[in-house]
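# An overview of the molecular structure
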Amino acid sequence: MTIKSAQARSSLALLIEEKLGYAMIKHAKPAVTNGRFASGPTQQNSFFVKSEHGTLKRALKRQQLQKIQRQQNIEAVMGMSLSLCPDVTSRGRPDPDWLEHFISLAEDIANQTMQKLWAKILVGESIAPGTFSIKSLQTLKLMTQREAEALQKCASLCGYLEKEDSYLIILGYYKKPSLLDLLRKGSTETINLAQAGLSFPHILTLMDINLMYRQEIESSSLQKGQSLTLVYQNQKVSFEAKSNELVMSYYKLTQTGDELKKLINTPVNKTYRQLLNKTLEDEFTLTFE
């Protein structure tokens with residue numbers, strides 16, 4: 001047995017003992033062949049719990065350990081929430097049913113990074129009840145590392161549309177052809193989001209878990225002088241049309257996506273900001289406030 005494999009087995013044995021409450025030991029157990037116990041080389045090596053207690057008592061101990069771990073988890077989340085909570089006026093108390101769902105889901109979260117996200121949810125709901133739906137809690141609980149990474153990358157590209165209380169990612173624009181030139185296609189400019197770190201597989205992942213709508217969305221036609229304003233990490237950016245009949249295209253987050261995006265405070269992706277400027281500069285004036 002190599003050193004690495006020995007270390008792995010030792011680590012696994014310790015993990016099992018922590019979860020079961022008992023160590024497991026290895027000893028030979030005779031294999032049964034045609035109703036008879038075999039001997040010699042055909043013996044099977046198996047692991048068994050090292051304990052004088054019966055199965056029922058061992059099961060009760062494991063349940064106790066699980067309850068202790070869950071209690072520690074929820075205490076950690078609630079302690080973090082107090083540390084994160086700003087000194088502001090609350091709009092009321094969270095709904096009792098919502099709170100029960102929150103506790104039943106958060107008590108199984110042992111990872112400290114994830115505990116912080118759950119603490120932020122509790123803070124947000126305590127300040128403004130109704131901020132986070134139970135559906136969002138369930139989505140977060142089931143989210144894989146790959147899905148969380150996709151949301152993280154998405155968050156750095158999102159602009160906040162205040163009038164709709166939602167987040168979106170601008171993809172580009174096109175110009176409608178004039179009535180005098182119906183045969184000419186309108187000019188189209190599109191941003192390659194993969195260059196900013198959000199690949200197409202990431203986008204599909206977000207769509208699959210219902211954090212992003214499956215189809216691109218278009219704005220109404222913007223006439224010269226009209227603008228669309230988004231907020232990127234507390235900085236307002238105004239996109240003012242330089243000519244008529246300009247239509248912006250974007251990906252839009254769902255309600256669940258909007259709620260979970262609020263938990264992630266990431267800097268604006270610098271590459272994406274450069275791509276926005278380069279792609280839109282011919283037909284839009286970008287003003288940063």
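Computed from a predicted model, the values in this text were never measured in an experiment. Throughout this document, residue positions are counted from 1 along each chain, in the order its sequence is written. Only residues with pLDDT of at least 70 get local features here, since the model is predicted, and only at 80 or more are side-chain atom pairs given and counted; chain-wide, interface and lining totals rely on the full set of residues. Side-chain measures here rest on the full set of heavy atoms in the structure, leaving out hydrogens and waters.

### Points about the overall build of the protein
Spelled out, the test is: Only DSSP runs of H or I with at least four residues qualify as helices, and only runs of E with at least two residues qualify as strands; both kinds are numbered from the N terminus onward. Note on contacts: a residue pair qualifies if any of its non-hydrogen atoms lie within 4.5 Å across the two residues. Here, Shrake-Rupley sampling with a 1.4 Å probe gives the accessible areas, and only protein chains in the shown set may cover a residue.
Across its full length, the protein holds nine helices and 12 strands. The contacts of the protein with a sequence gap of at least 6 include a subset with a gap of at least 24, amounting to 71%. Of the roughly 18,100 Å² of accessible surface on the protein, 51% is carried by carbon and sulfur atoms.

### Focus: the side chain of Thr254
The line we're drawing: Only protein chains enter the accessibility calculation, which uses a 1.4 Å probe; a residue whose area is less than 20% of its type maximum is buried, one above 50% is exposed, and one in between is partly exposed.
Position of Thr254 relative to the elements: it lies in the loop between strand E11 (246–252) and helix H8 (255–261). Thr254 sits in the buried class, given a relative accessible area of 4%. In this structure, Thr254 is in contact with Asn210, Leu211, Met212 and Tyr213, ignoring residues within four places of it in sequence.

### Some points on the packing of helix H3 (residues 96–106) against helix H5 (residues 134–142)
For any two helices packed against each other, the geometry is given by the interaxial angle and the distance between the axes. To keep it simple, the criterion reads: Think of each axis as a best-fit line through the C-alpha atoms, taken over the contacting stretch in the case of a helix, with angles from 0 to 180 degrees between the N-to-C directions. Roughly parallel means an angle under 35 degrees; roughly antiparallel, over 145; roughly perpendicular, 65 to 115; everything else is oblique. Classification convention: Asp, Glu, Lys, Arg as charged; Ala, Val, Leu, Ile, Met, Phe, Trp, Tyr, Cys, Pro as nonpolar; all other residues, Gly among them, as polar.
At their nearest, the axes of H3 and H5 sit 10 Å apart, and the two run at 5° to each other. Classed by the angle they form, the pair H3 and H5 counts as roughly parallel. Two secondary-structure elements touch here, H3 through Trp98, His101, Phe102 and Leu105 and H5 through Ile134, Leu137, Gln138 and Lys141. Here the residues of the contact of H3 with H5 are counted per class, giving five nonpolar, two polar and one charged.

### Some details on the side chain of Glu125
The line we're drawing: Residues scored as positive are Lys and Arg, those scored as negative are Asp and Glu, and His as well as the terminal groups of each chain are ignored. Think of a salt bridge as a Lys or Arg side-chain nitrogen and an Asp or Glu carboxyl oxygen that are within 4 Å of each other. Distance and chemistry together define a polar contact, namely a pair of N or O atoms within 3.5 Å, with one atom able to donate a hydrogen and the other to accept it when in protein, and with adjacent residues in sequence counting only for side-chain atoms on both sides.
With respect to the helices, strands and loops of the structure, Glu125 is situated in helix H4 (residues 112–127). Summary of buried charges: Glu125 has no salt-bridge partner, and the nearest side chain of opposite charge, Lys262, is 9.3 Å away. A polar contact of 2.6 Å, which involves the side chain of Glu125, links it to the backbone nitrogen of Gly130. Every residue in contact with Glu125, bar those within four places of it in the chain, is listed here: Pro94, Trp98, Gly130, Thr131 and Phe132.

### Points about the packing of aromatic side chains
To keep things clear, this is the line we draw: Note on ring pairs: Phe, Tyr and Trp rings are taken, using the six-membered ring of Trp, and paired if centres are within 6.5 Å. Classes follow the plane angle, with under 30 degrees stacked, over 60 edge-to-face and the rest tilted.
Applying the stated criterion to the full structure yields four aromatic pairs. With 5.3 Å between their ring centres and 15° between their planes, Trp98 and Phe102 make a pair best called stacked. In this pair, Trp98 and Phe102 are both assigned in helix H3, four residues apart and thus about one turn of the helix distant. Per residue, the accessibility class of Trp98 equals that of Phe102, and both read buried. For the ring pair Tyr160 and Tyr167, a centre distance of 5.1 Å and an interplane angle of 45° mean the geometry is tilted.

### Digging into H5
Note the cut-off: Regarding the arc, it is the one traced by the directions from the helix axis to the C-beta atoms.
When we look at burial in H5, the residues that qualify are Ser136, Leu137, Thr139 and Leu140. Along the long axis of H5, the arc covered by the buried residues comes to 165°, so they all point the same way. Buried residues along H5 sit in contact with H3, H4 and H8.

### What to know about the packing of helix H6 (residues 145–155) against helix H7 (residues 200–208)
Packing of H6 against H7 leaves a shortest axis separation of 9 Å and a crossing angle of 110°. In terms of their interaxial angle, H6 and H7 are classed as roughly perpendicular. Of the residues in H7, those touching H6 at Arg146, Glu147, Glu149, Ala150, Leu151, Lys153 and Cys154 are Pro201, His202, Thr205 and Leu206.

### Quick look at the environment of Glu75
Checked against the element boundaries, Glu75 lands in helix H2 (residues 55–84). For the pair Glu75 and Glu107, spaced 32 residues apart in sequence, the C-alpha to C-alpha distance is 8.4 Å.

### What about the pattern of salt bridges?
A side chain of one charge can pair with a side chain of the opposite charge if their charged atoms are brought near each other. Applying the stated criterion across every chain yields a total of five salt bridges. Among the salt bridges present, the one from Asp108 reaches Lys141, with a minimum N-O distance of 3.6 Å. A residue pair is termed long-range when its members are at least 10 positions apart, and Asp108 in the loop between H3 and H4 and Lys141 in helix H5 qualify at 33 residues. Classification of Asp108 as partly exposed rests on a relative accessible area of 36%. Across the pair Asp208 and Arg214 runs a salt bridge whose closest N-O atoms are separated by 2.9 Å.

### Quick word on the pairing of E11
The condition is simple: DSSP bridges decide pairing: two strands pair if at least two such bridges lie between them.
Among the seven residues that make up E11, seven are buried, leaving the element largely enclosed by the rest of the structure. Side chains Leu246, Met248, Tyr250 and Lys252 project from E11 onto one buried face, and the interleaved Val247, Ser249 and Tyr251 project onto a second face that is buried too. Both strand E6 (residues 166–175) and E11 contribute to a ladder of seven bridges, which runs antiparallel. Directly across from Ile169, in E11, lies its bridge partner Tyr251. Pairing geometry for strand E8 (residues 217–218) and E11, over two bridges, is antiparallel. Along E11, the bridge assignment pairs Ile217 with Tyr250.

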